[in-house]
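# Secondary and tertiary structure notes
Residues per chain are reported as follows:
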Amino acid sequence: MRMAAPLLKEMVLNYIWIAFIVIAFIVGLVKLAFFGDYEVFPAMKDMLFAQAETAFEISLGLTGMLSLWLGVMKVGERGGVVNALARLLGPVFQKLFPDIPKGHPVTGSIFMNLSANMLGLDNAATPMGLKAMEQMQELNTKKDTASNSMIMFLVLNTSGLTLIPVSILVYRAQQGAAQPTDVFVPILLATFFSTMAGIIITSLYQRINLFSRTLILALGGMCVAVAALMWGLTRLDSATMNLVSVSIADIMLISIIVLFILAGMRKRVNCYDAFIEGAKEGFTTAVRIIPYLVAILVAVGLFRASGAMDALIDGLSWCIAAIGIDTDFVGALPTALMKPLSGGGARGMMVNAMETYGADSFVGRLSCIFQGSTDTTFYILAVYFGSVGIRYTRHAVTCGLFADFVGIVAGIFIAYMFFG
């Protein structure tokens, strides 16, 4: 009996996973029994197998990228770059991650992951994040339970702070937007509010003092930097802004690799051997996350295929209209609601919204803001926690979803301010 309470309290992902599947099944039965929809269960079956295959393909596709970046990280570790970053960021990260020893290499890994996310380099961010989780797991005294540092790191990832949303700008250009970059500043503002909310709520749970001089200077400096970037980029025309955004991301990506190699050469490290040693971990890590990806993607796929997501949106629209609030934003809600569950699903809904309403419509633009304001909370939880065998997530889901909620609300208000 003593084990039952922690299990009931802590296995949040388990309950959510079951809820998606059971609700999808019930909705399917209702559509079949009351509406004669004989296609719903075949569609759910097809989605079941398609999502399982997709999970494997995602893991397989990650293998090469994982091997590349884990190899690069190993060269950086041997060359002292990661330790140098750890020392540089030590004062700030010591406040946000108080249970990580001062100067520990995981600080550098966390910085590299967050930097890749801010530049929109998703494929580069994932292996760096997995590396950081492995290092934090080494410090974790309860191997099946998420530590405070892991949760703060996960929330910083799920809040999705993005300075340069390259992929969204590309999708808007493909859909014929007159000014593909017109959502750049709204996305930056929405994701900034989401990240700040994530830091605040997690700090409250973990009793971190946000009013320390170090954090005030760091967060204030970040606000100034974001404002300066916004001011500089918004003074450029659309074509130049696109070119500068993509160029910054690409240059940073290559610069990281070259910097690590040069640091390794300076330390007389055998860079090739170090790279191979790190890259070998890529395959085993990719294989480890397959079951977790299959579980989360299958549940989300069934929820979509059953029509439960459509029913949820229709219900929200009715409720919002009933209390007299403008419902123009409801058409973009599928992107917002899907984003915490599946990045690919949210991306598809964003594209669908632009195709249905127009890339330059209010719904089309708001869908892009939702896509860029937060990250895939449950996907990140499943992959990152699953990679190190974490079963009990504690307050990670609550904090992650709160950051998502703030990002959604901020996105709606910002969209009305810019495009309403």
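Conventions and cut-offs
Throughout, a residue's number is its position along its own chain's written sequence, starting from 1. Per-residue local features of the predicted model are confined to residues with pLDDT of at least 70, and side-chain atom pairs are confined, for both listing and counting, to 80 or more; whole-chain, interface and lining totals are unaffected and use all residues. Working from all heavy atoms in the structure, the side-chain values ignore hydrogens and water. Per the convention used, a helix needs a DSSP run of H or I reaching at least four residues, while a strand needs a run of E reaching at least two, with both numbered from the N terminus. Note on contacts: a residue pair qualifies if any of its non-hydrogen atoms lie within 4.5 Å across the two residues. Between 30 and 60 degrees the pair is tilted, below 30 it is stacked and above 60 it is edge-to-face, where a pair is any two Phe, Tyr or Trp rings, Trp via its six-membered ring, whose centres lie within 6.5 Å. Partly exposed residues are those whose accessible area sits between 20% and 50% of the maximum for their type, while under 20% is buried and over 50% is exposed, using a 1.4 Å probe and protein chains only.

Let us look at unusual backbone geometry. In this structure, R207 takes a positive phi of about 55° despite not being glycine. By secondary structure assignment, the location of R207 is in the loop between α9 (184-206) and α10 (213-234). With a phi angle near 60°, R268 is a residue other than glycine that sits in the positive phi range. In this structure, R268 sits in the loop between α11 (238-266) and α12 (271-305).

Turning our attention to the environment of A146. By the secondary structure assignment, A146 is in the loop between α6 (122-139) and α7 (148-158). Between the alpha carbons of A146 and H395 there is a distance of 8.9 Å; along the sequence they are 249 residues apart. When residues no more than four places from it in sequence are discounted, the contact partners of A146 are I151, F385, I390, Y392, T393 and R394.

Within the structure shown, the criterion is met by six aromatic pairs. With a centroid separation of 4.9 Å and an interplanar angle of 75°, the aromatic rings of F20 and F303 are classed as edge-to-face. Pair noted here: F20 is in helix α2 (residues 12-35) and F303 is in helix α12, with a separation of 283 residues, a long-range link. Pairing F153 with Y384 gives two aromatic rings, centres 6.0 Å apart and planes at 10°, and the pair type is stacked. Taken together, the residues span a long stretch of sequence, with F153 in helix α7 and Y384 in helix α17 (residues 377-387) at a distance of 231 residues. With respect to class, F153 is no different from Y384; both count as buried.

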